[in-house]
Amino acid sequence: MRQDVLTEVEDWVVEEAAVALVYNGISHAVMMASPADLEDFALGFSLSEGILASPAECYGIEVENTPAGVTVQLEVASRAFMELKERRRTLAGRTGCGLCGVDSLDQVCRPQRTLAPAQGFHVDGVRRALAAIGAEQHLTRRTGAAHAAAWCAMEGSLRIVREDVGRHNALDKVIGAMARSGAQSGEGFFLITSRVSFEMAQKAIQAGVSALVGMSAPTLAAVDLAEQAGMTLLAFARGRDFVCYTHPEQLGLDRDGQGA
């Protein structure tokens, strides 16, 4: 109904499916996700959650569609599998804190790497990426119910873009696509259309990316984490405007917003 007029129209509705991530035959997590780019998602999730130390520890990924949902089978190195089994053993009989595969507060704030300063990160590149992201949000334009994440070159071109009903999933898909293509984390920055939460900042840091740009608000936990890790965090990024919350010196700007 629009303006009190009842009409019948066709509409696009975003697809959401249960996706089970299975490591060497053992199910670890079931996520609700958009059922596309699932190889990227599985690898990116495994890397960003610290299940795999590197892409080389993943020997193969197979996607299986079932009536109940999608199963993604990952064959992983014995080191990663043994550590995953130990994590599952400690979870048995305990009350979790609500984060996937985590059973204690210590595991939420797992040790983070200290990032090298972003080289070549500049406001011009941020603005070019912001101007370009809308045209790449095909699922969002049709349904209005998806988040996007992008891996951007420092000059602002969009190298990898993924969408998903879940903002974490969209970023994991980008991280996985980067790993599969051999992208170098120091050569660009992340742009996300969602808010910048602790988990989003944590995933970016785990991926080794030194700059994260969010189009919505950040959380205090995300700002604190970015500050500690040496990551430049921008949020409320729309059009030509943004707020820089951490490490503004990496943008190379003076107080008037001009290049230093």
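Look a little higher up for the structure.
Small disclaimer: the values here were computed from a predicted structure and weren't measured.

**Thoughts on the packing of helix α6 (residues 167-181) against helix α7 (residues 198-206)**
How two helices sit against one another is set out by the angle between their axes and by the gap between those axes.
For step 1, the next point in the chain: At a minimum axis separation of 10 Å, α6 and α7 run at an interaxial angle of 5 degrees. By the angle between their axes, α6 is roughly parallel relative to α7. Here α6 contributes Arg167, His168, Leu171, Asp172 and Ile175 to the contact with α7, which in turn contributes Glu199, Met200, Lys203 and Ala204.
For step 2, the next point in the chain: Its residues assigned to classes, the contact of α6 with α7 comprises 4 nonpolar, 1 polar and 4 charged.

**Observations regarding the sheet that holds strand β1 (residues 17-23)**
For step 1, the next point in the chain: Sheet architecture is open: 4 strands sit in the order β2-β1-β4-β3, paired in mixed fashion. The open sheet has two edge strands with one neighbour each: β2 (26-33) and β3 (58-66). For this sheet, the mean inter-axis angle between neighbouring strands, taken without regard to orientation, is 20 degrees.
For step 2, the next point in the chain: Relative to strand β4 (residues 69-76), β3 runs antiparallel, the two being bridged by 8 bridges. Within β4, the position partnered with glutamate 62 by the bridge is glutamine 73.
For step 3, the next point in the chain: Across the face of the sheet, helix α1 (residues 38-48) comes into contact with β1, β2, β3 and β4 while running at roughly 55 degrees to β1.

**Quick notes on the environment of leucine 171**
For step 1, the next point in the chain: Among the structural elements, leucine 171 can be located in helix α6.
For step 2, the next point in the chain: Placed 126 residues apart in sequence, leucine 171 and phenylalanine 45 show a C-alpha to C-alpha distance of 8.8 Å.
For step 3, the next point in the chain: Beyond its immediate sequence surroundings of up to four residues, leucine 171 is in contact with Ala149, Phe190, Ile192, Met200, Lys203 and Ala204.

**A short note on a nonpolar patch on the surface**
For step 1, the next point in the chain: Residues Phe236, Val243 and Tyr245 make up a contiguous nonpolar surface patch of roughly 240 Å² in combined accessible area.
For step 2, the next point in the chain: Among the structural elements, tyrosine 245 can be located in strand β10 (residues 241-246).
For step 3, the next point in the chain: Accessibility expressed as a relative area gives 32% for tyrosine 245, which makes it partly exposed.

**A look at the sheet that holds strand β9 (residues 232-238)**
For step 1, the next point in the chain: Spatially, β6-β5-β7-β8-β9-β10 is the arrangement adopted by the 6 strands of the open sheet, whose pairing is mixed. On the outer flanks of this sheet lie β6 (158-164) and β10, each paired with one strand and no other. Strand after strand, the sheet turns through a mean of 20 degrees between neighbouring axes, direction not considered.
For step 2, the next point in the chain: Bridge analysis of strand β7 (residues 188-192) against strand β8 (residues 211-214) gives 3 bridges, and the strand direction is parallel. Considered in β8, the bridge of isoleucine 192 is made with glycine 214.

Criteria and cut-off values
Residues numbered from 1 in each chain as written. Predicted model: local features only at pLDDT ≥ 70, side-chain atom pairs only at ≥ 80, totals over all residues. Heavy atoms only, no water. Axes fitted to C-alpha atoms, helices over the stretch in contact; angles between N-to-C directions. Helix = DSSP H or I, 4+ residues; strand = E, 2+ residues; numbered from the N terminus. Parallel < 35°, antiparallel > 145°, perpendicular 65-115°, else oblique. Contact = heavy atoms within 4.5 Å. Nonpolar A, V, L, I, M, F, W, Y, C, P; charged D, E, K, R; others polar. Pairing = 2+ DSSP bridges. Patch = residues over 30% accessible without salt bridge, like charges linked within 9 Å, V, L, I, M, F, W, Y side chains within 5 Å. Areas by Shrake-Rupley, 256 points an atom, 1.4 Å probe, with all protein chains shown as cover. Salt bridge = Lys/Arg side-chain N within 4 Å of Asp/Glu carboxyl O. Buried < 20%, exposed > 50% of the residue type's maximum accessible area, 1.4 Å probe, protein only.

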